Number of protein chains: 2
Amino acid sequence: MSETDPKPQTDVNKLGEFGLIDHLTQNFSLTQPSSMCGVGDDAAVIDNQGFLTVVSTDMLVEDIHFDRIYHPLRYLGYKAVIVNLSDICAMNALPRQITVSIALSNRYGVEDLEELYAGIELACQHYRVDLVGGDTTSSNRGLIISITAIGQGEPHRITYRSGAKAGDLICVTGDLGAAYVGLQLLEREKQVFISTPHVQPDFEGQDYIIGRQLKPEARLDVVELFHKANLQPTSMIDISDGLASEIFHLCKQSATGAFIEEAKVPIHQQTELMAIKFGLDPITCALSGGEDYELLFTIDPADLEKARYLPDLYIIGEITLAQEGIKLHTSGGNIHPLQAQGWKHF
Amino acid sequence: MSETDPKPQTDVNKLGEFGLIDHLTQNFSLTQPSSMCGVGDDAAVIDNQGFLTVVSTDMLVEDIHFDRIYHPLRYLGYKAVIVNLSDICAMNALPRQITVSIALSNRYGVEDLEELYAGIELACQHYRVDLVGGDTTSSNRGLIISITAIGQGEPHRITYRSGAKAGDLICVTGDLGAAYVGLQLLEREKQVFISTPHVQPDFEGQDYIIGRQLKPEARLDVVELFHKANLQPTSMIDISDGLASEIFHLCKQSATGAFIEEAKVPIHQQTELMAIKFGLDPITCALSGGEDYELLFTIDPADLEKARYLPDLYIIGEITLAQEGIKLHTSGGNIHPLQAQGWKHF
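Residues numbered from 1 in each chain as written. Chains lettered and ligands numbered in written order. Predicted model: local features only at pLDDT ≥ 70, side-chain atom pairs only at ≥ 80, totals over all residues.

(A) Highlighting the interface of chain B and chain A. Listed by partner, the interface residues are 80 residues for chain B and 80 residues for chain A. Of all elements in the fold, only helix H1 (16–25), strand S2 (44–48), strand S3 (51–61), strand S4 (94–104), helix H3 (110–127), strand S5 (130–138) and strand S6 (143–153) of chain B reach the threshold of two or more residues within the side of chain B that touches chain A. (Contact = placed C-beta atoms within 7 Å. Helix = DSSP H or I, 4+ residues; strand = E, 2+ residues; numbered from the N terminus.)

Here it is in C-alpha cells:
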C-alpha cells in the first residue's frame, strides 16, 4: 500500500507533451518485423506482407479538449472521428476503420450517447469508414473519448514526416487560424452567457470560424487527389497543433530547415476580422492556432505541374538546409526565427 | 448553447454495458470490403488481402477499474496491456503492436508515468509486442488508460465467438475466481489501512490470489500451442467478465445452449479458502468473478487427442442445442439455469 506515501514528483509540464512522450518511450524499441514505423509520426505503420496498415489514436477529454457549453455532442462525435482520420490522411493513407472507447460520468444519459454516436455515424458515412469495435465504461467525471483509426496504404504512397529535402516546396491545403479564432469567439460568448443567461449568443456572420472549430473536416479529398494525380508528397503532417509547431516537426524529422513567407499563409477574411476584434495578430493565430486539420506537406518542385489538380493548394515556403534554421519572412520584409507555440494540453 | 438546458435522460444502467453498445451501434453497418468482423467479438478483424489484422481496445479508468491504493502503477501498466492482449489471444491471433493513450490529472508526475511505462514495457517485452503510438493528455481527475492492441492471424486460424456447435466440449485454460477473491482481499486490507494506517496489510499466504488480481497474464502460450498442435477451437472468448457471462456470449453468438459441470470448474485452493473466509460461495466466485483472463473455448470432441499438448486444460461442459438452454449441473446433482452476473462497470 505504498501509493499512499507519495514521493516527490516532477511536473509533467516541465517536459511538455512531445518531450514527455519521447522520455517515456525512449526504452521501447520495435522488435516485430511488421512494425515499420512507431511513435513519432502521425500514425504507426504496420506491414502485412507488403500491404500497409496505418494506425492512429487520439483522446478527447471534457474540459481539456472540449467544453459541453458550446460543443454539442453530435458535433463532438463528428470531430472526435475527424481528428483521427486526419492523422491517417497525413500518412497519405486511406482511412477504413475506427474503434471508439468512451468513459462517461452519470451526468450522461442514453440520449446524450445517441447524440454523440449520431455524430460518429455521420463522420463514418461521410468518410466511408466502419466502426469495428470499442469499449464503453464509467468515469467519475465528465466524458472521455478515445478513438483509434485504421487506414490502408500502398508502400510507395505512405508519406512520413521525415522525407522533406532542401528545395522542396512547403504547401498547405487551406486557410489557417479560423478554428482558433472560432474558439475564442465561443469562449467569449460562453462568458457572456454565464453572466447574463437570457442573452442569446451573437454568432451573426461568424459561421465560417465557428464551423472550423466545431465541425472540422479531414482532407481525405486531397489524399485521393494525390493518388489520382500520381503526386507523391515528400513529407506530410496534419495541422492539429498549429502551423509553426508542425513545421518544426517536419524539419526535425527531415533534418532540414525551412522558410515560410508570412504573406503566403492563407487566412480567411472572417478569421482576420475577428482576430483583430480580439486584439490578436491574425498571422499569430494562423501560425500557432491549431485544430484546423489542414494538411501541411512538401513536394519536389518538379511535381508542381501535377499539384494543379488539387482543389486547394497554397505554397507558403520552401525547405532549406538544416543549418539555415527555420525562418519566417514577414510581410514587412524582415526575417526572423519562427516561433513554435503549438497547443499544449498540459 | 443548448447544452445548459438538459433534457430528461435515460440512465445508461437501464441498458447495461452490452445492451448500450448494441443500442448505440445498431445503425452502423460494415461497408469497407476489408472489414470482416466489427462490434460484438473480442476483437475486430480486418482483411489485408488475405492476411488478417485483429484489433481490440480497452479503457481503464481510475476508481472504476483500479484503485491507486492497491494497484501500483507498474502493475497497472502491465495489466492494462494484458487485458488487451488477452482479447487478441481470444481471436486465436498473435498480438504484435499496441498503442497507449493516457489522460492524467496534475496529481501525477513524471516519475509516476515512468512507473506506469515500466510496466507497459515489461508486458511488451514478455509478449513481444511493440508500442507503436499513442496520445498523452491532461484530465481533470485521475488516470485513464486507453490501449488498442493489434494482432495478426491467418484466415483459417481466427476463432470467433460464433462457431460452437452442439456436442463441442467446453474448455477453460486455468482456474477461475482467484482475481475476484484477490480483489476482495485487497479491498478489505484497504479498509483496515484507512482506519488504522500503522497496521501493515496481511497478505501472508495469499500471493496467488493477489497476483491473479494485480498481475494477470494473457494466454498467448495456449494460442501458440493451438497452432503447434494444429488444434482449431470452434469458438473462443477470454474470461474478463466472468465465466457465466462469457458462456452466455458464446451461446448467444453460436445460437446454442450449454451445460456446465460445477464440479469440473477449476478453482485454486487459495481461492476456495479465502472465498469461504469471506462468506462467499467459491463456485459463485468462479462463475461470476471475472478478470481471470483465462480463455474459454470449445473444441470438436474429435480433436480431444490434439488438446493433450496444452499445458492447462479443463473440460467443464458441453455445448447443447439452443432449446436446451444454458444449464449448470451442480455438485449436489441438481440442474438449474446458469445465472450470468458478469462485472458491469456501470
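What follows continues from the structure just given.
(B) View of the relation of the copies chain B and chain A. Structural alignment of chain B on chain A gives an RMSD of 0.0 Å, achieved by rotating through 180° and translating 0.0 Å along the axis. The relationship between the two copies is best expressed as a two-fold rotation axis. A shared binding surface is used by both copies, with 100% of the interface residues of chain B retained as interface residues in chain A. (Least-squares fit on C-alpha atoms with pLDDT ≥ 70 in both.)

(C) Structural view of the sheet that holds strand S10 (residues 295–299) of chain A. All names here are of chain A. On the basis of which strands lie adjacent, the open sheet formed by seven strands has the order S8-S10-S7-S11-S9-S12-S13 and mixed pairing. This sheet does not close on itself; its edge strands, each paired only once, are strand S8 (235–238) and strand S13 (335–337). Strand-to-strand, the axes of this sheet are offset by a mean angle of 25°, without reference to chain direction. Judged from the three bridges that link them, strand S12 (residues 326–329) and S13 form a sheet pairing that is antiparallel. Residue pairing in the sheet places Lys327 in a bridge with Pro337 of S13. (Pairing = 2+ DSSP bridges. Axes fitted to C-alpha atoms, helices over the stretch in contact; angles between N-to-C directions.)

(D) The sheet that holds strand S5 (residues 130–138) of chain A, seen in detail. All names here are of chain A. Taking strand neighbours across the sheet as the criterion, the six strands line up as S1-S2-S3-S6-S4-S5 in an open arrangement whose pairing is mixed. Edge positions in the sheet fall to strand S1 (35–37) and S5, since each has one partner strand and no second. This sheet shows a mean twist of 20° between the axes of neighbouring strands, independent of strand direction. Where strand S4 (residues 94–104) and S5 come together, eight bridges link them in parallel fashion. From the neighbouring strand, Ala103 faces S5, where its bridge partner is Thr137.

(E) Highlighting the domain arrangement of chain A. Residues and elements named next belong to chain A. Assigned domains within chain A: domain 1 (2–153) and domain 2 (169–337). For domain 1 versus domain 2, the distance between C-alpha centres works out to 22 Å. The partner domain 2 presents 18 residues to the 19 residues of domain 1 that form the contact. Of all the elements in the fold, those that place two or more residues in the side of domain 1 that touches domain 2 are helix H2 (73–89) and S4. Per-element accounting of the side of domain 1 that touches domain 2 gives the leading share, nine residues, to H2. Here the residues of the side of domain 1 that touches domain 2 are counted per class, giving twelve nonpolar, three polar and four charged. (Domains from an automatic or database assignment. Nonpolar A, V, L, I, M, F, W, Y, C, P; charged D, E, K, R; others polar.)

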